[in-house]
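The lines below spell out each chain.
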Amino acid sequence: MKASKGSPLLEKVKQRGDLYAAACPSRGVLEHVTSQWGVLVLVALKEEGTHRFSELRRKVGGVSEKMLAQTLQALEQDGFVHREAHPVIPPTWTTASRPWAKRWPSTWRR
């Protein structure tokens, strides 16, 4: 499909890389990162590195198991965290921020 000058398709393609445009894919990532639980999870992982799921749930008080699992999945899909499954019974997951997250501003610390 070819986009002609002034066509809706061309406009959509132009907006795709524009953070301020409603169609920009970065909006979904920003929504995950700036969610109530997303921010708290990222800060917890920055402060203390790798956590098991239950440790992270205790650290981030008030979050339900379901909401934490959904938040971690979203942050993993967006590339902010790395989750690793360990082949043991019962199943164990560890979660850590990505290496580039070590360069986050020091103002995120307590």
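Up top is the structure these notes are about.
Let us look at the structure shown here. (Residues numbered from 1 in each chain as written. Predicted model: local features only at pLDDT ≥ 70, side-chain atom pairs only at ≥ 80, totals over all residues. Heavy atoms only, no water.)

**A look at the overall build of the protein chain**
Along the backbone of the protein chain there are five helices and three strands. When the helices and strands of the protein chain are listed from N to C terminus, the series reads α-α-α-β-α-α-β-β. Taken over 110 residues, the protein chain has a buried fraction of 29%. If you take every contact in the protein chain between residues at least 6 apart in sequence, the share linking residues at least 24 apart comes to 42%. For the protein chain, the exposed surface amounts to about 7700 Å²; the carbon and sulfur share of it is 56%. (Helix = DSSP H or I, 4+ residues; strand = E, 2+ residues; numbered from the N terminus. Buried < 20%, exposed > 50% of the residue type's maximum accessible area, 1.4 Å probe, protein only. Contact = heavy atoms within 4.5 Å. Areas by Shrake-Rupley, 256 points an atom, 1.4 Å probe, with all protein chains shown as cover.)

**Let's talk about the nonpolar core**
Grouped together as the largest cluster of nonpolar side chains are 14 residues, with contacts concentrated most on Val41, Leu42, Leu56, Val60, Leu68 and Leu75. Secondary structure elements with two or more residues in this core: α3 (36–48) and α5 (65–77). Sorting elements by how many residues they give to this core places α3 first, with five residues. What Leu68 contacts, discounting residues up to four positions off in sequence, is Val41, Phe53, Leu56, Arg57 and Val63. (Core = buried A, V, L, I, M, F, W, Y, C linked by side-chain atoms within 4.5 Å.)

**Looking at the packing of α3 against α5**
Contact geometry for α3 and α5: axes closest at 10 Å, N-to-C directions at 75°. Between α3 and α5, the crossing angle belongs to the class labelled roughly perpendicular. Residue-level inspection shows Trp37, Gly38, Val41 and Leu42 of α3 in contact with α5, the latter providing Met67, Leu68, Thr71, Leu72 and Leu75. (Axes fitted to C-alpha atoms, helices over the stretch in contact; angles between N-to-C directions. Parallel < 35°, antiparallel > 145°, perpendicular 65-115°, else oblique.)

**What about the sheet that holds strand β3 (residues 92–97)?**
In space, the three strands of this open sheet follow the order β1-β3-β2, with antiparallel pairing throughout. Two strands bound the open sheet, and with one partner strand each, they are β1 (51–52) and β2 (81–86). α5 contacts β2 and β3 of the sheet and is inclined by roughly 115° relative to β2. (Pairing = 2+ DSSP bridges.)

**Looking at the environment of Glu31**
Relative to the assigned elements, Glu31 resides in helix α2 (residues 26–33). Judged by its relative accessible area of 57%, Glu31 falls in the exposed class. Each C-alpha atom of the pair Glu31 and Ala74 lies 9.8 Å from the other, and the pair is 43 residues apart in sequence.

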